[in-house]
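Breakdown of the fold
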Amino acid sequence: MKQEIISKILNIHQSEVSRIFTGKRPVSWPIAARLHELFSDLYPDKSVIDWKENTSPEDLRHAFAVFFKVKTDMENASIGMPTFKQGEAV
């Protein structure tokens, strides 16, 4: 997953994404609000406070991996392309 794409989604500099993903910078309130908005369908029970105070770098990497997987699956479904898991026979 490219940090450059995530930086555009979160409207922050790519270096900030890197520092957040490595645990060197905590999630700020504005970023927590954006994460809540972005992932509310995937994580409906997670509040802005949860994104701010209870989110590890691993949680964020996982959330974005799921987000991009769902987005890719939806795009493939809209054009009628099947999706395959890595290593799955075509």
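On a predicted model such as this, the values are computed, not experimentally measured, just so you know. (Residues numbered from 1 in each chain as written. Predicted model: local features only at pLDDT ≥ 70, side-chain atom pairs only at ≥ 80, totals over all residues. Heavy atoms only, no water.)

1. Side note on the overall build of the protein
What counts is decided by this rule: Under the scheme used here, helices are H or I runs from DSSP no shorter than 4 residues and strands are E runs no shorter than 2 residues, and both carry numbers assigned from the N terminus. The contact criterion used throughout is that any non-hydrogen atoms of two residues lie within 4.5 Å. Per-residue accessibility takes into account occlusion by the displayed protein chains alone, with areas from the Shrake-Rupley method and a 1.4 Å probe.
Assigned secondary structure in the protein consists of five helices and zero strands. Its helices and strands taken in sequence order, the protein reads α-α-α-α-α from the N to the C terminus. Of the contacts formed within the protein by residues at least 6 apart in sequence, a portion of 45% connects residues at least 24 apart. Entry remark: accessible area of the protein is about 6200 Å², with carbon and sulfur atoms responsible for 55%.

2. Focus: the side chain of T55
What counts, and what does not: We define a polar contact as two N or O atoms separated by no more than 3.5 Å, with the added condition that, inside protein, one atom must be a possible hydrogen donor and the other a possible acceptor, whereas residues neighbouring each other in sequence contribute only through side-chain atom pairs.
Along the chain, T55 falls in the loop between α4 (48-53) and α5 (57-78). Side-chain polar atoms of T55 contact the side chain of K46, separated by 3.4 Å. A distance of 3.0 Å separates a polar side-chain atom of T55 from the backbone oxygen of W51. With residues near it in sequence (within four places) discarded, T55 still touches K46, D50 and L60.

Keep in mind these numbers describe shape, not what the thing actually does.
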